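# Structural characterization, general
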Amino acid sequence: MRKLIYQGFIFTNSEGHTDSWKLTIKDQHRIGSLFELRRLVTYYLELGILPATRSSLQDAKQTQNTMTKNTVKPRKG
């Protein structure tokens, strides 16, 4: 079985055929060519209807951590 990660989503190919990739998002499964599924992910990302991926959650957490460290200190005058 082959796995491919595209923008945080996992495509699997268990049969070895180039046009039988499987994309699973929560409880929904889509089967199609890699090109079709990549376009579908991009379209859903533009609409903003996909759930957050592990990588996007980590990016948000890092952003929060850097924001708390870079607080503005009041001037002593």
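To keep things clear, this report deals only with the structure shown in the data block. All values reported here derive from a predicted model rather than from experimental measurement.

Here we come to the pairing of strand E2 (residues 9-13). Across the five residues of E2, four count as buried, placing the element largely inside the fold. Relative to E2, strand E1 (residues 2-6) is paired through five bridges, and the arrangement is antiparallel. Within E2, the position partnered with arginine 2 by the bridge is asparagine 13. Hairpin connection from E1 to E2: two residues lie between these consecutive antiparallel strands, with glutamine 7 at a positive phi of about 50°. Here two bridges tie E2 to strand E3 (residues 21-25), and the two strands are oriented antiparallel to one another. When the sheet's bridge partners are listed, phenylalanine 11 is paired in E3 with leucine 23.

Right, let's talk about the side chain of asparagine 13 for a bit. Mapped onto the elements, asparagine 13 comes out in strand E2. Asparagine 13 sits in the buried class, given a relative accessible area of 5%. When neighbours within four sequence positions are excluded, asparagine 13 is seen to be in contact with Met1, Arg2, Ser20 and Trp21.

Relative to the helices and strands, leucine 23 is located in strand E3. Not counting residues up to four positions away in its chain, the partners in contact with leucine 23 are Phe9, Ile10, Phe11, Gln28, His29, Arg30, Leu37 and Val41.

With that out of the way, let us pick up helix H1 (residues 34-47). With 14 residues, H1 extends 20 Å between its outermost C-alpha atoms, agreeing within 8% with the 20 Å of an ideal straight helix rising 1.5 Å per residue. Along H1, the residues that are buried comprise Leu37, Val41 and Tyr44. Within H1, the buried residues cover an arc of 70° as seen down the axis, which keeps them to one side. Looking at H1, the residues exposed on the side facing more than 90 degrees away from the buried face are Phe35, Arg39 and Glu46. Downstream of H1 by one or two residues, glycine 48 has phi in the positive range, about 80°.

Rules and cut-offs
Residues numbered from 1 in each chain as written. Predicted model: local features only at pLDDT ≥ 70, side-chain atom pairs only at ≥ 80, totals over all residues. Heavy atoms only, no water. Buried < 20%, exposed > 50% of the residue type's maximum accessible area, 1.4 Å probe, protein only. Helix = DSSP H or I, 4+ residues; strand = E, 2+ residues; numbered from the N terminus. Pairing = 2+ DSSP bridges. Contact = heavy atoms within 4.5 Å. Expected span 1.5 Å × (residues − 1). Arc of directions from axis to C-beta.

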